[in-house]
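Residue-level listing of the chains:
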Amino acid sequence: MRNEEDGKLPFYTCNCFTTDNIFLEDYKLHVRFVTEQQFRLDYHTLLGKLGCVTDQQFEDVLNKINQEVDRRRRLAVTSIERAAVIKDVYQPLHPHVYHLQESYLAPKFKQIIEFCRSSGASQEGVFDLLEEEAAPRVYRFSVFEKSFCEDLLEELEHFEQSSAPKGRPNTMNHYGILLNELGFDEGFITPLREQYLHPLTSLLYPDCGGRCLDSHKAFVVKYDMNEDLDLSYHYDNAEVTLNVSLGKDFTEGNLYFGDMRQVPLSETECSEVKHRVTEGLLHRGQHMHGALPISSGQRWNLIIWMRASQERNNVCPMCNRRPTLVEGDGFADGFTKHSAPLLNAFY
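Numbers given for residues are sequential positions, taken from 1 along each chain in its written order. In view of the model being predicted, local features appear only for residues whose pLDDT reaches at least 70, and side-chain atom pairs are presented and counted only at 80 or more, with totals across whole chains, interfaces and linings using the full set of residues. Heavy atoms throughout the structure, all of them, feed into the side-chain values; hydrogens and water do not.

### A few points about the environment of tyrosine 90
The numbering of helices and of strands both runs from the N terminus, where a helix is a DSSP run of H or I of at least 4 residues and a strand a run of E of at least 2. Mapped onto the elements, tyrosine 90 comes out in the loop between helix H3 (75-89) and helix H4 (107-117). Between the C-alpha atoms of tyrosine 90 and histidine 158, which are 68 residues apart in sequence, the distance is 9.7 Å. In this analysis, two residues are considered to be in contact whenever any of their non-hydrogen atoms come within 4.5 Å of each other. Discounting chain neighbours no more than four positions away, the residues touching tyrosine 90 are Val85, Tyr98, Glu155, His158, Phe159, Ser162, Ala164 and Leu182. In this structure the side chain of tyrosine 90 is engaged in a polar contact, spanning 2.6 Å, whose partner is the side chain of glutamate 155. Any pair of N or O atoms that falls within 3.5 Å is considered a polar contact. Within protein, one atom must be able to donate a hydrogen and the other to accept it, and sequence-neighbouring residues count only if both atoms are side-chain atoms. Among the polar contacts listed, one links the side chain of tyrosine 90 to the backbone nitrogen of phenylalanine 159, at a separation of 3.3 Å.

### A short note on the pairing of strand S8 (residues 240-247)
Classification of residues uses two cut-offs on accessible area relative to the type maximum, computed with a 1.4 Å probe and protein chains only: under 20% is buried, over 50% is exposed, and between them is partly exposed. Burial analysis of S8 places 8 of its 8 residues in the buried class, which makes it a mostly covered element. Bridge count for S8 against strand S12 (residues 279-284) is 5 bridges, and the pairing is antiparallel. Residue leucine 242 lies in a different strand from S12, and its bridge partner there is leucine 282. A strand pair is defined by DSSP finding two or more bridges across the two strands. With 7 bridges joining them, S8 and strand S14 (residues 294-307) adopt antiparallel strand pairing. Bridge assignment links valine 244 to a residue of S14, and that residue is leucine 302.

### Description of the packing of helix H1 (residues 36-49) against helix H2 (residues 55-73)
Only the stretch in contact is used when fitting a helix axis, every axis being a line fitted to C-alpha atoms; angles between N-to-C directions are given from 0 to 180 degrees. Their axes nearest at 12 Å, the elements H1 and H2 cross at an angle of 130°. In terms of orientation, H1 lies oblique with respect to H2. H1 and H2 meet at a crossing whose hand is right-handed. Facing H1, whose interface residues are Glu36, Phe39, Arg40, His44 and Leu47, H2 presents Phe58, Glu59, Val61, Leu62 and Ile65. In terms of residue class, the contact of H1 with H2 is made up of 6 nonpolar, 1 polar and 3 charged. Just so you know how the angles are binned, under 35 degrees is roughly parallel, over 145 roughly antiparallel, 65 to 115 roughly perpendicular, and the rest oblique. Each crossing is labelled by how the near helix is turned from the far one, with a counterclockwise turn of less than a right angle marking it left-handed and a clockwise turn marking it right-handed. Ten residues, namely Ala, Val, Leu, Ile, Met, Phe, Trp, Tyr, Cys and Pro, are considered nonpolar, four, namely Asp, Glu, Lys and Arg, are considered charged, and the remaining ones, Gly among them, are considered polar.

### Some words on the packing of aromatic side chains
The pairing test for Phe, Tyr and Trp rings, Trp by its six-membered ring, is centres within 6.5 Å, and the orientation test on the planes gives stacked under 30 degrees, edge-to-face over 60, and tilted for anything in between. This model, assessed by the stated rule, comprises 16 aromatic pairs. Following the ring pairs from residue to residue traces out a cluster consisting of Tyr98, Tyr104, Phe144, Phe148, Phe184 and Phe188. Cation placement over rings: the criterion is NZ of Lys or CZ of Arg within 6 Å of the ring centroid and within 35° of the ring normal. Stacked on the ring of phenylalanine 17, the Lys or Arg arginine 72 has its end atom at 5.1 Å from the ring centre. In this arrangement the basic side chain of lysine 166 is found over the ring face of phenylalanine 159, its NZ or CZ atom lying 5.1 Å from the centre.

### Regarding the nonpolar core
Buried Ala, Val, Leu, Ile, Met, Phe, Trp, Tyr and Cys residues form a nonpolar core when they are joined through side-chain atoms within 4.5 Å. Within the largest apolar cluster, 54 residues are counted, with the highest numbers of intra-cluster contacts made by Phe109, Phe141, Phe144, Leu192 and Leu246. The element that contributes the greatest number of residues to this core is helix H8 (residues 185-204), accounting for 8 residues. Apart from the residues lying within four places of it in its own chain, the contact partners of leucine 192 are Leu100, Leu105, Phe109, Phe144, Leu197 and Ile304. Judged by nonpolar contacts, the second largest core, of 15 residues, contains Leu47, Val61, Leu62 and Ile65.

### Describing H4
Those residues of H4 not exposed but buried are Phe109, Ile112, Ile113 and Cys116. Taken around the axis of H4, the buried residues stretch over an arc of 95°, which confines them to a single face. Residues of H4 that are exposed and point over 90 degrees away from its buried face: Pro107 and Glu114. Looking at the packing, one finds that the buried side of H4 touches helix H5 (123-129), strand S4 (139-142) and H8. The directions from the helix axis to the C-beta atoms form the arc being described.

### Observations concerning the packing of H4 against H8
Packing of H4 against H8 leaves a shortest axis separation of 9 Å and a crossing angle of 70°. The orientation of H4 with respect to H8, classified from their angle, is roughly perpendicular. Crossing geometry of H4 relative to H8 is assigned as left-handed. Contact with H4, carried on its side by Phe109, Ile112, Ile113, Cys116 and Arg117, involves Leu192, Gln195, Tyr196, Leu197, Pro199, Leu200 and Leu203 of H8 and no other residues of that element. Tallied by class, the residues present in the contact of H4 with H8 amount to 10 nonpolar, 1 polar and 1 charged.

### Description of unusual backbone geometry
Among all residues save glycine, negative phi is the norm, and among peptide bonds the norm is trans. Cis rather than trans, the peptide bond between glycine 247 and lysine 248 has omega equal to 0°. Here lysine 248 shows up in the loop between S8 and strand S9 (250-252). The backbone phi angle of lysine 28 is positive, close to 50°, even though this residue is not glycine. Within the fold, lysine 28 resides in the loop between strand S2 (22-24) and strand S3 (29-31). One non-glycine residue, asparagine 320, lies in positive phi territory at about 65°. Its location among the elements puts asparagine 320 in the loop between helix H9 (309-312) and strand S15 (325-327).

### Some thoughts on the pattern of salt bridges
The salt bridge criterion pairs a side-chain nitrogen of Lys or Arg with a carboxyl oxygen of Asp or Glu, the two atoms within 4 Å. Counted according to the given criterion, the structure contains 18 salt bridges. Between glutamate 181 and arginine 82 there is a salt bridge, with the nearest N and O atoms lying 2.7 Å from each other. Of the two residues, glutamate 181 is situated in helix H7 (residues 179-182) and arginine 82 in helix H3; the sequence distance between them amounts to 99 residues. Residue arginine 82 is classed as buried on the basis of its relative accessible area of 15%. Residues arginine 307 and aspartate 333 are paired through a salt bridge, measuring 3.4 Å at the closest nitrogen-oxygen approach. Within this pair, whereas arginine 307 is found in strand S14, its partner aspartate 333 is found in the segment after S15, the two being separated by 26 residues in sequence. For the pair formed by arginine 307 and aspartate 333, the shared burial category is buried. Linked through salt bridges whose partners overlap, the residues forming this network are Glu68, Arg71, Arg72 and Arg168.

So, to be careful, I would describe these as geometric facts and stop short of saying anything about function.
Next comes the structure, spelled out in structure tokens:
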């Protein structure tokens, strides 16, 4: 299947998508499932320690895993089908939010990006423009104007309340919206990544694909007192992630960052980060993090997982093996069959 943008190389998923990083919400555990025998050998004792002690509880776990594996296997087809129905039946409330305009962007963000595009751009110079690190190599800055966040939220709520079909963003978030299915990729997310975020990530993250980001997955997640309250400790399927707080009114719900995923939690000291409306947090995708529970109100976050095929074509960030490619739709999971040599990267 081809990328949304005609004439570009197709993107792929790694075959591990149907076997690895399956989240068991009841036990706050990510697992790998290839066969039932393998799963029992690998996880029966651990699940018992976490409270899965009866045969029925274990069968419930197996049923949930099989449902999730089936969902993942059908995901590309069902996503295409949903997007087609949405395009046919959904009438946007604010059509203008689907097309990026500079007027939507915060003045400070535009100043930062203007510097990053200049001939004298340097890592030291961009550090001077950014606030102090929220956590190691986690940068916070205003991204959008408040008025745009309000319009975007009204549009998202209008869609959420419509009869159009909806798919959940990922295994861990039950409430949210896949922005590619709603039609945001071509006119909004892709130009935001290519024209604005890429100059910044090139300076901040040259060692983990920041100079060669060529695809993304964008979605919105919602936290509500009657829905998802928090988000467990995890890493992203991304080289670089941007997380923007869109609103609304909420209390608590700070983010927290640990270390990179290779470091055990027992050896990690976490940093708590306040997430303010209109502000984005930019961080490495493999940087472990989570969201503490909100205590009142409702919070919406825009998440952009940015991917660099030149990085992930060598090692899949989700299974830590050389990827086995499977055809996908659109940007899929950001893998390609052909990579140009990495430029100015170091290891």
